[in-house]
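Residue-level structural notes
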Amino acid sequence: MFIVGILSWWYGAGWRQRFTILHEQLSAMLDYFSIGLLARTLFSPFRQISAGQVDGSLEVKLRAFADRVISRLIGAFVRIAVMIAGILAIIVYTIVSAIALLIWACAPLLPLVGLTLFIVGWIPWKI
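Now for a quick tour of the structure. (Residues numbered from 1 in each chain as written. Predicted model: local features only at pLDDT ≥ 70, side-chain atom pairs only at ≥ 80, totals over all residues. Heavy atoms only, no water.)

Considerations on the packing of helix α1 (residues 2-11) against helix α2 (residues 13-33)
In contact at an axis separation of 2 Å, α1 and α2 are set at 30° when each is read in the N-to-C sense. Here α1 lies roughly parallel to α2, going by the angle between them. Residues Ser 8, Trp 9, Trp 10 and Tyr 11 of α1 lie in contact with α2, whose contacting residues are Ala 13, Gly 14, Trp 15 and Gln 17. Tallied by class, the residues present in the contact of α1 with α2 amount to 5 nonpolar, 3 polar and no charged. (Axes fitted to C-alpha atoms, helices over the stretch in contact; angles between N-to-C directions. Helix = DSSP H or I, 4+ residues; strand = E, 2+ residues; numbered from the N terminus. Parallel < 35°, antiparallel > 145°, perpendicular 65-115°, else oblique. Contact = heavy atoms within 4.5 Å. Nonpolar A, V, L, I, M, F, W, Y, C, P; charged D, E, K, R; others polar.)

Brief notes about the side chain of Arg 79
Mapped onto the secondary structure, Arg 79 falls in helix α4 (residues 58-106). At 15 Å, Asp 31 is the nearest oppositely charged side chain to Arg 79, a buried residue that forms no salt bridge. (Buried < 20%, exposed > 50% of the residue type's maximum accessible area, 1.4 Å probe, protein only. Lys, Arg positive; Asp, Glu negative; His and termini not counted. Salt bridge = Lys/Arg side-chain N within 4 Å of Asp/Glu carboxyl O.)

Observations concerning unusual backbone geometry
Even without glycine at this site, Ser 34 takes up a positive phi of about 45°. As for its position among the elements, Ser 34 is in the loop between α2 and α3 (35-40). Taking the relative accessible area as the measure of exposure, Ser 34 reaches 23% and is therefore partly exposed.

Describing the packing of aromatic side chains
A full pass over the atoms with the stated rule returns 4 aromatic pairs. With a centroid separation of 5.2 Å and 85° between ring planes, the pair formed by Tyr 32 and Phe 33 is classed as edge-to-face. Look at Phe 33 and you get buried, because its relative accessible area is 16%. Through pairs of rings, three or more aromatic residues link up here, namely Trp 9, Trp 10 and Trp 104. (Phe/Tyr/Trp six-rings, centres within 6.5 Å; stacked < 30°, edge-to-face > 60°.)

Digging into the pattern of salt bridges
Taken as a whole, this structure holds 1 salt bridge when the rule is applied. For Arg 63, the salt bridge identified is with Glu 59, shortest N-O distance 3.2 Å. Of the two residues, Arg 63 and Glu 59 both sit in helix α4, 4 residues apart, roughly one turn of that helix. Grouping residues by exposure puts Arg 63 and Glu 59 together as exposed.

Re the packing of α2 against α4
Two elements in contact, α2 and α4, have axes separated by 10 Å at closest approach and are oriented at 175°. Put simply, α2 runs roughly antiparallel to α4. Note on element contacts: α4 touches α2 through Val 82, Ala 85, Gly 86, Ala 89, Ile 90, Tyr 93, Thr 94, Ser 97, Ala 100, Leu 101, Trp 104 and Ala 105, opposite Gly 14, Trp 15, Arg 18, Phe 19, Leu 22, Gln 25, Leu 26, Met 29, Leu 30 and Phe 33. In terms of residue class, the contact of α2 with α4 is made up of 16 nonpolar, 5 polar and 1 charged.

In structure tokens, the structure reads:
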């Protein structure tokens, strides 16, 4: 009865808790990288406080225009780099989470596998 209770928790509430933890961590990672926000503001100026209209001669206006264009290109480059890093991190985390869930499902069977291998006489290394 004790083993049945442990297994019912393992494949019931324990499984749901594990899945909830992994889901919350994935949600936190999605929020941390904010790929949607980065995509919406891809060509916004990067850390430029004065990106508004400039009054003055043609030279001053051209300089301000060049500053805005360079700032936007730098912002796009940085945002694309963060988006690529975020997507890679999310993919790796998803794969690791799937492996963790598979290990969680197989963990109760490992003592039986170990006992079977012991009886058969298999040793993973040679001395």
